[in-house]
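Here is how the chains run, residue by residue.
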Amino acid sequence: MTDQQALHAARSPLIAGLVAAVAACALMVAPAQAQQTAAPAAATTKAAMPADVFIKNLSAEVLGAVRGDKTLQAGDVHKVVTLVDSKILPNVNFQRMTASAVGRNWRQATAEQKTRLQDEFKNLLIYTYAGAVSQIRDQAVDVKPMRSRPEDADVVVRTQVKGSGDPIQLDYRLEKSGDGWKIYDVNVMGAWLVQTYQSSFSQEVSASGIDGLIAKLAERNKQLAARKK
């Protein structure tokens, strides 16, 4: 399995940073805890927020955090994880993202295998993209007008990342979840993140099963971690 398509996305520094943030949001324990501890007033505000406003605010928070932290600008993987734990984690359905990337083979995985897949997929994306955070400088996110109805529970928010070079397409698929929205896929320059990995994941499962895919991801993550060191 290669990261060729994923590395193509990393050519845009801001996109790479935001995808790294999305990738780090494994939905296991923390999202449920965040929902339990959220104040009722905040939940009411979030419920009234349109999806495009949600994305605009989230993008501004991530950009602001990176610009204000020199260790994040240096691509520190630990600080990237800390950033997404505090600002992104409750807003991404990473379980759905992982399940979609694994495809129909997800149904045959045990609960333990699903947890391992989420862990390794999360780490793969963090190691692939975290270093590009250091290139974030003067970029801004332009959220496009969204055509949807108030009752729509599944929407696409389209944006452009503008900086010193040509504008870059960065779109989000979101689902309505409880009192707010959760991201479950990201489109970078016409390529949805989930689709980027579906083919290689499917081939690996066909060749060596779910455990083989987990082992392959773990091996790749060890290689990437060693490079970071």
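Our structure is the block above this text.
Calculation notes
- Residues numbered from 1 in each chain as written.
- Predicted model: local features only at pLDDT ≥ 70, side-chain atom pairs only at ≥ 80, totals over all residues.
- Heavy atoms only, no water.
- Core = buried A, V, L, I, M, F, W, Y, C linked by side-chain atoms within 4.5 Å.
- Buried < 20%, exposed > 50% of the residue type's maximum accessible area, 1.4 Å probe, protein only.
- Helix = DSSP H or I, 4+ residues; strand = E, 2+ residues; numbered from the N terminus.
- Polar contact = N/O pair within 3.5 Å; in protein donor to acceptor, adjacent residues only side chain to side chain.

1. Quick look at the nonpolar core
Piece 1. Counting 47 residues, the largest nonpolar core has Leu117, Phe121, Leu174, Ile183, Tyr197 and Phe201 as its most contacted members.
Piece 2. Top element by residues in this core is helix α10 (residues 193-228). It accounts for ten residues.

2. Some details on the side chain of aspartate 152
Piece 1. Its place among the elements puts aspartate 152 in the loop between β1 (140-143) and β2 (154-162).
Piece 2. For aspartate 152, a relative accessible area of 16% corresponds to the buried category.
Piece 3. At 2.8 Å, the side chain of aspartate 152 forms a polar contact with the backbone nitrogen of arginine 149.

3. Brief notes about helix α8 (residues 94-102)
Piece 1. Of the residues making up α8, those classed as buried are Phe94, Met97, Thr98, Ala99, Ala101 and Val102.
Piece 2. Following α8 by one or two positions, glycine 103 adopts a phi angle in the positive range, close to 80°.

4. Notes on unusual backbone geometry
Piece 1. The phi dihedral of methionine 189 falls on the positive side, at around 55°, and the residue is not glycine.
Piece 2. Take methionine 189: it is sitting in the loop between β4 (180-188) and β5 (191-192).

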